[in-house]
Amino acid sequence: MPAVDEEVPRVSAPPEPLPELGVAVIGHSFMGAVHSHAWRTVDHVGTPRFRTRRVALAGRDAGRAAAAARQFGWEEGVDDWRPLLERDDIHVVDVLTPGDSHAEIAIAALEAGKHVLCEKPLAKTVEEAERMTAAAEAAAARGVRSMVAFNYRQVPAIGLARQLVADGRLGEVRQVRAVYLQDWIVDPEFPLTWRLQKDRSGAGALGDIGSHIIDAAQFITGQRLLGVSGTVETFVKQRPLEAARTGANTGLSAEASTEVGDVTVDDAAVFFGRGDGGALMTFEASRMALGRKNGMRIEVNGSQGSIAFDFESMNELHFFDGTLPDAENGFRRILATDPAHPGVGNWWPPGHGLGYDHPFVHELQEFLGAVADGRDPSPSFADGLQVQQVLDAVQRSAENSSAYTEI
């Protein structure tokens, strides 16, 4: 018997186990590695809503899929995604394939009752994106969720930029300039991978990286493009065909053969447009900007202030507050690593920066939180469709002497 004044220890009930979600990824290589890392991590960050189980990884080749599954931590690797949709232990399908198969896989998965996360750009064409969005809306009525993976939305500094605009700190948004520059195909001997074939990818730099800055600019400003005028250019018209592959098909690296083929996408795109709030927006996307590796930059100028972001310094946002006296003013560097900044609170102490992989974890947190709450995650397939409409308008403008083209 304990003494009269001795507290009797209380035995607390064990926590309720989290519901399990089985996940399948379709596609591997670069995005397979990135998404797999995020799926391995998301259960250990913040307050998880589910216990996720990495059930299956699908590819086109059984041997490569099995090897990728072992490397990335999936229970099995298969060479056909279709049977996965019939399995009761799979609840989420993560689509990482080239753009020519997004519509087929995503629509089939939604119709099978699987929640779907799909890499950007949503589709090859507006028509495909419309069908995907219709399928997503029909699935949402049955409680099945979908999301397009514009991961840069999840960078804390970009979230802070959006907050500053929404809070009126920039005043009236007048101008936006967004660029995304890379150089990985500058060598004319780089092979003709799927990323350089319109029937596989839908577009070149315009769709691959231009879609990111379209979404980011609209996300930060809250304005959607009404119309565009643009031009595209293919600097290297022919390239060596890709040799027989023995490894994963990333589209970012390959061995060349002695035969050549036509490049059917753009190497670079430049366009401007007008936002529905009146902002003038300019965009440049290039995979031929020698010396630039992942140079994604956005600047927003308003009547009372400006913000500037560069992904190669992704933990920083530069803010100019035009309401301060000129004699003491200038752009100031905000280190977006404080727990108060969007997405940061579940990570490290202030000043301990995040990296390329962290926004993908934030993406999964948004997706899984929406599934748990019974709401539609953001960005939605409808958001992906709207970006696809912008891409289509740029291409139509370029084919019509850069005429202004409504979206």
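Residues numbered from 1 in each chain as written. Predicted model: local features only at pLDDT ≥ 70, side-chain atom pairs only at ≥ 80, totals over all residues. Heavy atoms only, no water.

### Here we look at helix α2 (residues 62-72)
Taken together, the buried positions of α2 are occupied by Ala-65, Ala-68, Ala-69 and Phe-72. Angularly, the buried residues of α2 cover 105° about the axis, an arc narrow enough to put them on a single face. Exposed positions of α2 whose direction lies more than 90 degrees from the buried face are Arg-70 and Gln-71. The secondary structure elements touched by the buried residues of α2 are α1 (29-42), β2 (51-58) and β3 (76-78). Where α2 begins, the capping side chain belongs to Asp-61, and its oxygen is found 3.0 Å from the backbone nitrogen of Gly-63. Count one or two residues on from α2 and you reach Gly-73, which has phi positive near 90°. (Buried < 20%, exposed > 50% of the residue type's maximum accessible area, 1.4 Å probe, protein only. Helix = DSSP H or I, 4+ residues; strand = E, 2+ residues; numbered from the N terminus. Arc of directions from axis to C-beta. Contact = heavy atoms within 4.5 Å. Polar contact = N/O pair within 3.5 Å; in protein donor to acceptor, adjacent residues only side chain to side chain.)

### Side note on the pattern of salt bridges
Summed over all chains, the structure comprises 26 salt bridges. For the salt bridge of Glu-20 with Arg-51, the shortest nitrogen-to-oxygen distance reads 2.4 Å. Taken together, the residues Glu-20 in strand β1 (residues 20-26) and Arg-51 in strand β2 connect sequence positions 31 residues apart. Under the relative-accessibility criterion, Glu-20 is labelled partly exposed at 30%. (Salt bridge = Lys/Arg side-chain N within 4 Å of Asp/Glu carboxyl O.)

### Concerning unusual backbone geometry
Note that the residue after Lys-120, namely Pro-121, is joined by a cis bond; omega there is -20°. Position of Pro-121 among the secondary structure elements: in the loop between β5 (115-119) and α4 (126-140). Cis peptide bonds are those with omega within 30 degrees of zero, and the linkage from Ser-378 to Pro-379 qualifies with 5°. Among the structural elements, Pro-379 can be located in the loop between α9 (358-373) and α10 (381-399).

### Quick word on the pairing of strand β14 (residues 305-310)
Within β14, five of the six residues are buried, leaving the element largely enclosed by the surrounding structure. Where strand β13 (residues 295-302) meets β14, five bridges bridge the pair, whose relative direction is antiparallel. Paired with Arg-297 across the bridge in β14 is Asp-310. Count of turn residues in the β13/β14 antiparallel hairpin: two residues. In terms of strand pairing, β14 meets strand β15 (residues 316-321) through four bridges, oriented antiparallel. Within the sheet, the bridge partner assigned to Ala-308 lies in β15 and is His-318. (Pairing = 2+ DSSP bridges.)

### Quick look at helix α5 (residues 156-166)
Burial analysis of α5 places eight of its 11 residues in the buried class, which makes it a mostly covered element. The set of residues buried in α5 consists of Pro-156, Ala-157, Ile-158, Gly-159, Leu-160, Ala-161, Leu-164 and Val-165.

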